[in-house]
Amino acid sequence: MTSAVIVLAAGEGKRMKSAQPKVLHQLLGRSLVGHVLAAAAPLGAEQTIVVVGHRADLVTAHLAEIAPQAVPMLQEQQLGTGHAVRVALPDGIKGTVIVLNGDVPLLRPQTLRELVERHERSGAAATVLAASVGNPAGLGRIVRDEHGRLARIVEERDASPAEREIREINAGIYAFDASYLEPALGRLGSHNDQGEEYLTDVFGLLVQDGAAVAVHVADDPAETLGANDRAELAVLRGLMRDRVNLALMREGVTIIDPQTAWIDVTASVARDAVIEPNVQLRGATQVGEGATIGPDVTLVDTTVSEGASVVRAHAVGAQIGPSVSVGPYASLRPGTVLLHKAKVGTFVEVKNSTLGEGTKANHLSYLGDATIGEHTNIGAGNIFANYSGATKSPTGIGDHVKTGSGTIFVAPVEVGDGAYTGAGSVITKDVPPGALGVARAFQKNIEGWVARARPGTAAEEAAKKAQQQGD
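Residues numbered from 1 in each chain as written. Predicted model: local features only at pLDDT ≥ 70, side-chain atom pairs only at ≥ 80, totals over all residues. Heavy atoms only, no water.

Novice: Help me understand the pattern of salt bridges in this model?
Specialist: Pairs can form between side chains of opposite charge whenever their charged atoms are close. Across all of its chains, the model carries 15 salt bridges by this definition. Two residues, Asp145 and Arg149, come together in a salt bridge whose shortest N-O distance is 3.3 Å. When the shortest N-O distance is used, the salt bridge between Glu163 and Arg152 registers 2.2 Å. Of this pair, Glu163 sits in helix H5 (residues 161–164) while Arg152 sits in strand E9 (residues 150–154), and the two are 11 residues apart along the sequence. Note on Arg152: relative accessible area 35%, which makes it partly exposed. (Salt bridge = Lys/Arg side-chain N within 4 Å of Asp/Glu carboxyl O. Helix = DSSP H or I, 4+ residues; strand = E, 2+ residues; numbered from the N terminus. Buried < 20%, exposed > 50% of the residue type's maximum accessible area, 1.4 Å probe, protein only.)

Novice: Help me understand unusual backbone geometry in this model?
Specialist: The phi angle of most residues is negative, glycine excepted, and most peptide bonds adopt the trans form. In this model, Gly294 is joined to Pro295 through a cis peptide bond whose omega is 5°. Along the chain, Pro295 turns up in the loop between strand E18 (292–293) and strand E19 (297–300). Along the chain, Gly327 connects to Pro328 via a cis peptide bond; the corresponding omega equals 0°. Relative to the assigned elements, Pro328 resides in the loop between strand E24 (325–326) and strand E25 (330–332). Here Asn278, not a glycine, exhibits a phi torsion of approximately 60°, which is positive. Summarising the element assignment, Asn278 is placed in the loop between strand E15 (274–275) and strand E16 (279–282). Among the residues examined, Asn278 registers a relative accessible area of 41% and is labelled partly exposed. We note that Arg312 has phi near 45°; this positive angle belongs to a residue other than glycine.

Novice: Looking at this structure, how should I read the packing of helix H6 (residues 178–185) against helix H7 (residues 201–208)?
Specialist: When two helices pack together, their arrangement is given by the angle between the helix axes and the distance between those axes. Between H6 and H7, whose axes approach to 10 Å, the crossing angle comes to 105°. With respect to each other, H6 and H7 are oriented roughly perpendicular. Note on element contacts: H7 touches H6 through Val202, Leu205 and Leu206, opposite Tyr180, Leu181, Ala184 and Leu185. A per-class count over the contact of H6 with H7 returns seven nonpolar, no polar and no charged. (Axes fitted to C-alpha atoms, helices over the stretch in contact; angles between N-to-C directions. Parallel < 35°, antiparallel > 145°, perpendicular 65-115°, else oblique. Contact = heavy atoms within 4.5 Å. Nonpolar A, V, L, I, M, F, W, Y, C, P; charged D, E, K, R; others polar.)

Novice: I keep staring at the side chain of Thr200 and nothing clicks. Help me out?
Specialist: Here Thr200 is to be found in the loop between H6 and H7. Residues contacting Thr200, with those up to four places away along its chain left out, are Ile153, Glu155, Asn170 and Tyr174.

Novice: What exactly am I supposed to notice about the sheet that holds strand E23 (residues 319–320) here?
Specialist: Within a sheet, neighbouring strands are paired by backbone hydrogen bonds and run either parallel or antiparallel to one another. Spatial strand order, E14-E17-E20-E23-E26-E29-E32-E35-E38: nine strands in an open sheet with parallel pairing. Because the sheet does not close on itself, it has two edges, and the strands there are strand E14 (268–269) and strand E38 (413–415). Bridging between strand E32 (residues 370–372) and strand E35 (residues 395–397) involves three bridges; their strand directions are parallel. Residue pairing across strands places Ile372 opposite Ile397, the latter belonging to E35. (Pairing = 2+ DSSP bridges.)

Novice: Would you mind showing me how to read H6 here?
Specialist: Each α-helix turn comprises 3.6 residues. Residues three or four places apart therefore point the same way. Every buried residue of H6 is listed here: Ala178, Leu181, Ala184 and Leu185. Mapping the buried residues of H6 onto a view down its axis gives an arc of 135°, with all of them on the same face. Against the buried residues of H6 lie helix H3 (81–88), strand E6 (96–101), strand E10 (168–177) and H7. (Arc of directions from axis to C-beta.)

Novice: What is the right way to read the pairing of strand E11 (residues 213–217) from this model?
Specialist: If a strand is regular, its side chains alternate between the two faces of the sheet. Burial within E11 is extensive, with four of its five residues counted as buried. Bridge count between strand E7 (residues 126–132) and E11: five bridges; the pairing is parallel. Bridging across to E11, Leu129 finds its partner in His216.

Here you go:
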């Protein structure tokens, strides 16, 4: 039984060179600590405790958003990992306690379950997750005795030259029997290079006491990787991308260029969808069956229904219906709803507007705060002037409407079903159903104006030649 999960998230992460704590840096849809909490959640622990310290206000606020069940515990002075666990450990706790570093985002729930099962099945007082790596620089080492049993865990800066040659490293992930952990924490000293209480020293103390300790080796060493700087974070991001994309492809998604498809762990893509190169799917984005996304598309918190196509577009908080076509070079802002077979074309921006079934806005238009009916055609260069400088007002366009190129709708205004607007019109009054709305000045040609106002110019010469040819 897992009684508690303790996540160590108090450090500053100086090598990140950032104003925010290391554990808040983002990686494909979650913070570092968010990934760790997601991996631990399936354990169903009775308590989840996150040790906070540096910029505790930021970390605590973030936890309230992503994991309100997690209890932040303040470590006012960062005196080491052992001290952090001592601060967080509930009084009188029994059962299994899991301790995790807050910067291991690739850790899988299955690996944690296997760690707990191994720990509880063996009856060990403590079990450490380890991994064999090619380059252990900067990492703590697993030191075994002549029988292959764990003797102690040593930090690299405290290791001997021979111990630094060891390739088996400590992942910073542990399972403890609480009845052994609590008294051992009280015996920790700080006689080491950093002058801190190391949680890893608990293993050496337990070995001295004759208690059983165990090592569980992770199948995939990548799961144990942390991020100390931006370069290491980028490496983890790439590994996470590959993991997400591989899983999707094995579920029937076509990804043309997996190296340029960046899909958050919080996004979903249905089978037979096609992801073209240079695509980012962020947040709660959902892509339906048979949809085609890309190339060159970013979708944030956007729903794309089955059979839709989105090409070279940017969308945030939009709903793209079945068989809808978007792009190229379209921008969908929050509140956009595109119903069945609607089309938003080249250099069209839509904000807080609904386009009905089969409605098209193909070229160079801005549609804001509008409700547009079915099978309507929005002409090229239409502008929905929805903002007065103080308030925003709606525009309503009915079914089977044809708007002329260059029409400006000054909201609030309504255009009835089956109506037309003349090209170049500025519509300030409602247009009844079936009517033609025209609002523009009559054209007046002033003969000879160029010769009088622009003498000696290329325009005057061209006009003279044309006149002579006409004569």
